[in-house]
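# Fold and geometry: a report
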Amino acid sequence: MRNNIDTLFENLSVGYKEQNIDIITNLHHPGNQMFTASLEQLKTILSNYKLETGYNDIQILQQDNDVIVLRLSQMTKKIDGPEFKDNVMDMVLILKMDNHEYKILSAAPITTSFL
């Protein structure tokens, strides 16, 4: 299970670095309505910025058969693009199984610190 979670975050980092909306979209659960609603905004961001993301301090807070609640830190740094504030976000993510893989169902930021 931990390998599946680590792979999800590795792939998410690659998706942002390569500005690949398909990779990022595939890592979100089909029931993630907030992601679907903000997809056009993400496309705009990816067309203007090349970003590097990293995920640290991943803690499993709760889990059952097909849902995992995580708390983690996400660091986002600009590689290229217009003005941007690099940041670290403390957040909670809910992952849910879809086709035998955990995917992001929802995300809730707790705090954001600018670097």
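The present account deals with the structure reproduced in this document.

About the thresholds
- Residues numbered from 1 in each chain as written.
- Predicted model: local features only at pLDDT ≥ 70, side-chain atom pairs only at ≥ 80, totals over all residues.
- Heavy atoms only, no water.
- Core = buried A, V, L, I, M, F, W, Y, C linked by side-chain atoms within 4.5 Å.
- Buried < 20%, exposed > 50% of the residue type's maximum accessible area, 1.4 Å probe, protein only.
- Helix = DSSP H or I, 4+ residues; strand = E, 2+ residues; numbered from the N terminus.
- Contact = heavy atoms within 4.5 Å.
- Pairing = 2+ DSSP bridges.
- Polar contact = N/O pair within 3.5 Å; in protein donor to acceptor, adjacent residues only side chain to side chain.
- Phe/Tyr/Trp six-rings, centres within 6.5 Å; stacked < 30°, edge-to-face > 60°.

### Some remarks on the nonpolar core
Of all hydrophobic cores here, the largest spans 22 residues; its most connected members are Phe9, Leu12, Leu70, Leu72 and Leu95. When contributions to this core are tallied by element, the ones reaching two or more residues are helix 1 (2-17), helix 4 (39-48), strand 1 (50-63), strand 2 (67-80), strand 3 (87-98) and strand 4 (101-114). In terms of residues, this core owes the most to one element, helix 1, which gives five residues. Sequence-distant contacts of leucine 95, that is, excluding residues within four places in its chain, are made with Ile5, Leu8, Asp66, Val67, Ile68, Leu70, Tyr102, Lys103, Ile104 and Leu105.

### Section: the side chain of threonine 53
When you line up the elements, threonine 53 lands in strand 1. The contact partners of threonine 53, leaving out residues within four places of it in the chain, are Leu12, Ser13, Tyr16, Met75 and Thr76.

### Brief notes about the pairing of strand 2
Note: strand 1 against strand 2, 11 bridges, orientation antiparallel. The residue bridging leucine 51 from the neighbouring strand is lysine 78, located in strand 2. Hairpin geometry of strand 1 and strand 2 is characterised by an intervening segment of three residues between the two adjacent antiparallel strands. Two strands pair when backbone bridges link them, and strand 2 and strand 3 are joined in this way by 10 bridges, in the antiparallel orientation. Bridge pairing links leucine 72 to methionine 91 in strand 3.

### Structural notes on unusual backbone geometry
If you check the backbone angles, glutamine 19 has positive phi at about 55 degrees while not being a glycine. Tracing the backbone through its elements, the reader meets glutamine 19 in the loop between helix 1 and helix 2 (21-26). Of the residues examined, glutamine 19 reaches a relative accessible area of 34% and is grouped as partly exposed.

### Description of the side chain of asparagine 87
Turning to its location among the elements, asparagine 87 is positioned in strand 3. With relative accessibility at 9%, the residue asparagine 87 sits in the buried group. In terms of polar contacts, asparagine 87 uses its side chain to reach the backbone carbonyl oxygen of lysine 85, at 3.2 Å. Apart from residues lying up to four places away in sequence, asparagine 87 is in contact with Gln74, Met75, Thr76, Thr112, Ser113, Phe114 and Leu115.

### Some details on the environment of asparagine 48
Relative to the assigned elements, asparagine 48 resides in helix 4. Taking relative accessible area as the criterion, asparagine 48 reaches 41% and is therefore assigned partly exposed. Sequence separation between asparagine 48 and aspartate 80 is 32 residues, and the spatial gap between their C-alpha atoms is 8.3 Å. Each residue touching asparagine 48, except ones within four places of it in the same chain, is listed here: Asp80, Gly81 and Pro82. A distance of 2.8 Å separates a polar atom in the side chain of asparagine 48 from the backbone oxygen of threonine 44.

### Brief notes about the packing of aromatic side chains
Throughout the structure, instances matching the rule amount to two aromatic pairs. Measuring from centroid to centroid gives 5.4 Å for tyrosine 49 and phenylalanine 84, while their planes differ by 55 degrees, and the two rings are tilted. With tyrosine 49 in the loop between helix 4 and strand 1 and phenylalanine 84 in the loop between strand 2 and strand 3, this residue pair connects regions lying 35 residues apart in the sequence. Given a relative accessible area of 16%, tyrosine 49 falls into the buried group. Using a relative accessible area of 27% as the deciding quantity, one classes phenylalanine 84 as partly exposed.

So far we have only geometry, and geometry alone does not tell us how the molecule works.
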